[in-house]
Structure formats: C-alpha cells, structure tokens
Amino acid sequence: MDDLDVRDLQVHFGGVKAIDGVSLTLSQGEILGLIGPNGAGKSTLLNAVTGFQRPTGGMVSLDGRDVTGVAPQRLARRRLIRTFQAARLFPALSVAENVELGAVGVGGSRRSGLRTAREVLAWLGLEQLADRPAGAVPHGAQRRVCVARALAGRPRFLLLDEPAAGLDEDESERLVADARRVRDELGCGLLLVEHDMSVIMRLCDRVHVLDSGATIAVGPPAEIQRDEAVVRAYLGT
Ligand code: ADP
Ligand code: MG
C-alpha cells in the first residue's frame, strides 16, 4: 500500500481538457518517467497530484488514503514533495538557508532544519556552496539545490518537473547519479518529467507517455522508444 495512486484524473480548464482520464501508480523505490510533447499535460498532472491544482475529477491516493485536493503543505508533511519546472530559489538567501526551507516546510524547527540542510548538501557533495547566496551559484548548481531543498523534506515520493532543463552533459550526468541514489539509498519513489530522452532512457524503470491529456503508452524505456504511437506523437504526424 506504500504507493501514490492516480485514478482517472481529470483537469479541465474551461473547454481545455489538460488531463483527461489519466491513471498511474508510483511505488517507493522506483523511477517513473513522465514524457510527452509540449502541452501534453505533464506539469498539470504534477500540479493536480501535489495539490497545486484542484482536479476536475478522479482520485489521488497516498498509501491507500484519498488525498484528492489536499493542500500542498499537508501533502509535503506526508512526504509527497515536488520541484518546479523553473528553479525557484530565494536568490539573496544562502544555499543552506534555501535548503533549510525544505525542512521547515514539512514541520521541522529552524535549528533541526539547518542541520538537515547541511546533511543533505553534504550527501549531494554540495557543501562547498552552503554559505553562498543562491542567486550567485551557476544555473546547473541551482537546479541541484532545488533537489536538495526537496530532499530536506525527507520525501517518500519526489516529483521532479524537468530537472535537467538547461543542464550541460556533465550536469545531467550528475543529476542521473543523484536520482539513482535517491531511489536506491533513500528508497524514494521518483516521478520524473523530462525532455532529455537520454536521461529518461538511462534512469527510468518505467515510462508513462502523455499526449493531449491522455495516456498513449506505458512500459519499460526500451519498449517505449520503439512504440509506434509514441513515435507518431513526437513527430506530430
Ligand atoms: P506540459 O507540461 O506537458 O508541457 P501543461 O500541463 O503545462 O503541459 O499544459 C497542458 C495544457 O493545459 C496546455 O494546453 C496548456 O495550455 C493548458 N493549461 C495549463 N495550465 C493552464 C491554466 N492554468 N489555465 C488554462 N490552461 C492551462
Ligand atoms: Mg511542463
């Protein structure tokens, strides 16, 4: 029962069916890729699952309990945590202070939050950045700091929206290594929205493909890569 379960999810914006009947299950200790062309509904799905957008229909459950429409803060305290497509750090605060907010956000005290922040930064090998203003570190490092902040909340389910966007090859390589450790050492379930197919192929246990708000394929990366409907969606024919 330790899983995140989405059943027949619907998110409509007026006449636009951004999500139209999507079901998926994320278990602890697995990495599920969520891919699809621009506008397919990936971010909307993440928003609806994490309480940032109220679904029009369907159900989200966490460990068998209905959490549909529950506020993001409460879901975070239940260890369901997400990152955003654009890095959202407080540029004037230090890296450690930004990461600390991830711990305080799930109910930690400031004192324990700072300790957690230092631990997480060390775990990711980012301790040398701890005292620098977040706005002053390079883009790639800022994206890893966003992951660090999410990890400071001790997630059981971590949803990442395009974490490799704007990263160079070395940085994506590091992201792949970090994500594997999050799965293998922390036993976290990861949902990864990502455009970089090489990241998806190397990292994911399973891949879920959306197009126009609906599921067009689910399966292991190697199968997805040669799935006809997927190829068609990406070629736009
Ligand atoms: P993706 O992340 O896969 O690129 P999105 O989830 O951002 O796609 O968008 C899916 C669809 O929903 C798009 O057609 C988009 O224009 C629409 N959409 C997303 N958010 C809103 C909103 N707040 N209001 C109206 N339409 C939206
Ligand atoms: Mg998106």
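Worth saying up front: this structure is predicted, and the values here are computed from it rather than measured. (Residues numbered from 1 in each chain as written. Chains lettered and ligands numbered in written order. Predicted model: local features only at pLDDT ≥ 70, side-chain atom pairs only at ≥ 80, totals over all residues.)

Focus on the overall build of the protein chain
When its secondary structure is counted, the protein chain shows nine helices and 10 strands. For a compact globule of 237 residues, the expected C-alpha radius of gyration is about 18 Å, and the protein chain comes in at 17 Å, within 12% of that figure. Judged by the C-alpha coordinates and their principal axes, the protein chain covers about 50 × 40 × 35 Å. Across the 237 residues of the protein chain, 44% fall into the buried class. In the protein chain, the share of contacts with a sequence separation of at least 24, taken over all contacts with a separation of at least 6, comes to 66%. (Helix = DSSP H or I, 4+ residues; strand = E, 2+ residues; numbered from the N terminus. Rg over C-alpha atoms; globule rule 2.2 N^0.38 Å. Buried ≥ 20, exposed ≤ 12 C-beta atoms within 10 Å, placed from the backbone. Contact = placed C-beta atoms within 7 Å.)

Let's talk about the pairing of strand 10 (residues 214-219)
Here strand 9 (residues 206-211) pairs with strand 10 via five bridges, running antiparallel. Paired with Leu210 across the bridge in strand 10 is Thr215. Where strand 9 folds back onto strand 10 in an antiparallel hairpin, the turn is made up of two residues, including Ser212, whose phi is positive at roughly 45°. (Pairing = 2+ DSSP bridges.)

Examining the sheet that holds strand 1 (residues 3-13)
Pairing within the open sheet is antiparallel, and its four strands lie in the order 2-1-4-5. Either end of the sheet is taken by a strand with one partner, and the two such strands are strand 2 (16-27) and strand 5 (65-66). Where strand 1 meets strand 4 (residues 57-62), five bridges bridge the pair, whose relative direction is antiparallel. Along strand 4, the bridge assignment pairs Arg7 with Met59.

Looking at the site of ligand 1
In the region of ligand 1, the neighbouring residues are Phe13, Val16, Ala18, Gly36, Asn38, Gly39, Ala40, Gly41, Lys42, Ser43 and Thr44. Residue assignment for the shell around ligand 1 shows that the elements contributing at least two residues are strand 2 and helix 1 (42-49). Element by element, the count of residues in the shell around ligand 1 is highest for helix 1, at three residues. Each residue belonging to the shell around ligand 1 can be placed in one class, and the counts come to four nonpolar, six polar and one charged. (Near = placed C-beta within 6 Å. Nonpolar A, V, L, I, M, F, W, Y, C, P; charged D, E, K, R; others polar.)

Concerning the sheet that holds strand 3 (residues 31-35)
Within the open sheet, the six strands sit side by side as 6-7-8-3-9-10. Their pairing is mixed. Lying at the two open borders of the sheet, with one neighbouring strand each, are strand 6 (80-82) and strand 10. The sheet shows a mean angle of 15° between the axes of neighbouring strands, direction not considered. Pairing between strand 3 and strand 8 (residues 189-193): four bridges, direction parallel. Bridge pairing in strand 8 links Leu34 to Val193. Of the strands in this sheet, strand 3, strand 6, strand 7 (157-161), strand 8 and strand 9 are in contact with helix 1, which crosses strand 7 at around 150°. The strands that helix 6 (residues 169-186) touches are strand 3, strand 7 and strand 8; relative to strand 8, the one it contacts most, it runs at about 155°. (Axes fitted to C-alpha atoms, helices over the stretch in contact; angles between N-to-C directions.)

Considering the confidence of the model for the protein chain
Scored by pLDDT, the protein chain comes out at a mean of 93, with 99% of its residues at no less than 70. Helix 9 (residues 228-235) is the least confidently modelled element of the protein chain, averaging 85 in pLDDT, while strand 4 averages 98, the highest of any element. Two numbers describe this predicted complex: its pTM, 0.94, and its ipTM, 0.98. (pLDDT = per-residue confidence, 0-100.)

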